[in-house]
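These are the residues of each chain, in order.
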Amino acid sequence: MDSDAQWAEGARQFQRLFGDGWAQALKSMQPVDLGALSTATQPHAPVSFAPDKLAALQQQYLEEARALWSAGLQKPAPVADRRFASEAWAQNPLSSFSAAAYLLNARTLMGLADAVEGDEKARARIRFGVEQWMAAMSPSNFLAFNAEAQKKAIDTQGESIAKGIANLLHDLRQGHVSMTDESLFEVGRNVATTEGAVVFENEYFQLIEYKPLTAKVYERPFLMVPPCINKYYILDLQPENSLIRHAVAEGHRTFVVSWRNPDESMAQSTWDDYIEQAVITAIHKVQDISGADQINALGFCVGGTMLSNALAVLAARGEDAVASATFLTTLIDFTDTGILDVFIDEAFVHFREMQMGQGGLMKGQDLASTFSFLRPNDLVWNYVVGNYLKGETPPPFDLLYWNSDATNLPGPYYAWYLRNFYLENNLVKPGKLTVCGEQIDMNLVDLPVYIYGSREDHIVPIGAAYASTQVLPGPKRFVMGASGHIAGVINPPAKKKRSHWTREDGKLPAGIDDWLAGAKEHPGSWWTDWSAWLSGHAGRQIAAPKAYGRGARFKAIEPAPGRYVQQKA
């Protein structure tokens, strides 16, 4: 058979594959069970493709595949993908060909996912499934094709293979892939080191008060509520990138909630328990300790959602305990939940309710796996290749150490959160929710707020963070920072990295795009803008306290960071 006839036969095979049979093939694909990556990501209806897009993809694939085969095992052009960018890939004909063929197939499969006709959620689920499969099937993940790993094995006379096996056994024992050299970090020794003391505790949290770094402090104390799906020290990694230390250095008498890592004794705990017994209790204890009528508060991610609930409960009770609130990468309006929306529908939420809605734990490692697989190449396969195929020890990185320090969640809390926020978006519906015995109406949360969103955030999309400006009725300042969910927030001014955007005319139009049209970019961290805003709501300055707590009622229980943050999932 001549080459033209072979290509004609190939075209017919391609038509059969990508024509009528492809939709059925997609339907038959089952996603890998990776903790919380559930079957909810599967499309629930037959899929079809836009004919024009399908035809264009077929033609493009045939042309590129023919060019690839014609080039054979000749030295290929440099590849932009960093997985195949090293010289070892370019020098190995088989590996470079496998990389080029893989990238061609990946582009085509993603094109097919985008060509699906139907609702956006079905397309998003197919796209997510294809991304996971393509990330897992990269030739860089296999020693037989990874020229860089092969070269290292030869250069080290097999030592890299031996180290890779040792790394694999170590990670199997610890239960997760190492993203950093965890042996180099210890909570309280070189992360979470800002000086302070635990001044109150109950079964849900410890309240840490920090030692003042200034002779005077603002009269209104400052309470931070971090997400309970992670440990608080993301706000206190190292002295040079600690938001907690920054607040203390700015003259704020600073407190933080350090969540207990739930075990079976907390398996019945509910959303109401966390709002009443933790967030509201923390607000009241800071008032009691400081003697202040009002405090300032900050909520980060889920901690911001919890703070908004607590403020709504207090408003319903006629309490005016909080003078101002800061919301960092927080969802209040859950209309746009970004990539996590692929998991959320009635079937998935009902399954979680049956599984743990009446009791049980959402394991921290399952949560961590879910968030890692949202960026599989960067947060999973990159470390599989480095740790096991190349025998490397990942470099020390405080943020990734924190990321690996998993936290459980009580099942009833988690299931309630999924249904009422992610699925039904009830928080923005006045009177729809009852929390701690009070009907929730965000229109009553009438206080000055500072709202921050990160431009590349894949967990709280920038438009979703901005949406809070349309929900909260009081004076508002919105600021957008560069980078993602964590790196955008933890961006100290001294680093002089990234940018932030503000809009000084005070206008808050309906959508983020309209806001950006009138916004101005500023180099460096948003922290300085926030500090100036917060000081305007902190009252006059008074002498800094000489001791932790307040008299006999609130004494230092133990030094910061306390016991709770040390508990492992």
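Here the structure is a predicted model, which is why all the values come from computation and not from measurement.

Here is what the cut-offs are and how they apply
- Residues numbered from 1 in each chain as written.
- Predicted model: local features only at pLDDT ≥ 70, side-chain atom pairs only at ≥ 80, totals over all residues.
- Heavy atoms only, no water.
- Helix = DSSP H or I, 4+ residues; strand = E, 2+ residues; numbered from the N terminus.
- Axes fitted to C-alpha atoms, helices over the stretch in contact; angles between N-to-C directions.
- Parallel < 35°, antiparallel > 145°, perpendicular 65-115°, else oblique.
- Contact = heavy atoms within 4.5 Å.
- Nonpolar A, V, L, I, M, F, W, Y, C, P; charged D, E, K, R; others polar.
- Expected span 1.5 Å × (residues − 1).
- Buried < 20%, exposed > 50% of the residue type's maximum accessible area, 1.4 Å probe, protein only.
- Arc of directions from axis to C-beta.
- Phe/Tyr/Trp six-rings, centres within 6.5 Å; stacked < 30°, edge-to-face > 60°.
- UniProt positions renumbered as here; feature names shortened; annotations may be inferred.
- Salt bridge = Lys/Arg side-chain N within 4 Å of Asp/Glu carboxyl O.

(A) Structural view of unusual backbone geometry. The omega angle of the peptide bond from Ala560 to Pro561 is 15°, so this bond is cis rather than trans. Along the chain, Pro561 turns up in the segment after strand 19 (558–559). In the Ramachandran plot, Ser483 falls in the positive-phi region, its phi being about 75° despite a non-glycine side chain. The phi dihedral of Lys496 falls on the positive side, at around 55°, and the residue is not glycine.

(B) The arrangement of the packing of helix 10 (residues 271–290) against helix 11 (residues 302–316) in detail. Two elements in contact, helix 10 and helix 11, have axes whose closest approach is 9 Å; the angle formed by their N-to-C orientations is 80°. Accordingly, the angle class assigned to the pair helix 10 and helix 11 is roughly perpendicular. Taking contact as the criterion, the partners of Trp271, Tyr274, Ile275, Val279, Ile280, Ile283 and His284 in helix 10 are, on helix 11, Thr305, Met306, Leu307, Asn309, Ala310, Val313 and Leu314. A per-class count over the contact of helix 10 with helix 11 returns eleven nonpolar, three polar and no charged.

(C) Just helix 8 (residues 159–174), in detail. For helix 8, built from 16 residues, the straight-helix expectation of 22 Å at 1.5 Å per residue is met to within 8% by its first-to-last C-alpha distance of 23 Å. The set of residues buried in helix 8 consists of Ser160, Gly164, Asn167 and Asp171. Down the axis of helix 8, the buried side of the element spans an arc of 60°, and every buried residue falls inside it. Exposed residues lying more than 90 degrees from the buried face of helix 8 are Leu172 and Arg173. Where helix 8 is buried, its residues touch helix 7 (147–155) and helix 14 (376–389).

(D) Just the packing of aromatic side chains, in detail. With the rule as written, the count across this model stands at 30 aromatic pairs. Note on Tyr417 and Phe421: the rings are 5.6 Å apart at their centroids and 75° apart in plane angle, and the pair reads as edge-to-face. Here Tyr417 and its partner Phe421 are both found in helix 16 (residues 411–423), four residues apart, which amounts to about one turn of the helix. Of the two residues examined, Tyr417 and Phe421, each falls in the buried class. Geometrically, the ring pair formed by Tyr417 and Tyr422 is edge-to-face, given 5.6 Å between the ring centres and 75° between the ring planes.

(E) Here's a closer look at the UniProt feature "domain: Poly-beta-hydroxybutyrate polymerase N-terminal" (unreviewed entry) in the protein chain. In this structure's numbering, the residues bearing the UniProt feature "domain: Poly-beta-hydroxybutyrate polymerase N-terminal" (unreviewed entry) are residues 81–246. Summarising residues 81–246: 44% helix, 13% strand, and an end-to-end C-alpha distance of 38 Å.

(F) Quick peek at the pattern of salt bridges. Scanning all chains against the criterion turns up 32 salt bridges. For the salt bridge of Asp114 with Arg127, the shortest nitrogen-to-oxygen distance reads 2.9 Å. Here Arg127 lies in helix 6 (residues 120–136) and Asp114 lies in helix 5 (residues 93–114), a separation of 13 residues in the sequence. With a relative accessible area of 38%, Asp114 lands in the partly exposed category. Using a relative accessible area of 22% as the deciding quantity, one classes Arg127 as partly exposed. We note a salt bridge from Asp263 to Arg260, for which the minimum N-O separation is 3.3 Å. A relative accessible area of 15% places Arg260 in the buried class. One network of salt bridges, in which partners are shared, links Asp114, Glu120, Arg123 and Arg127.

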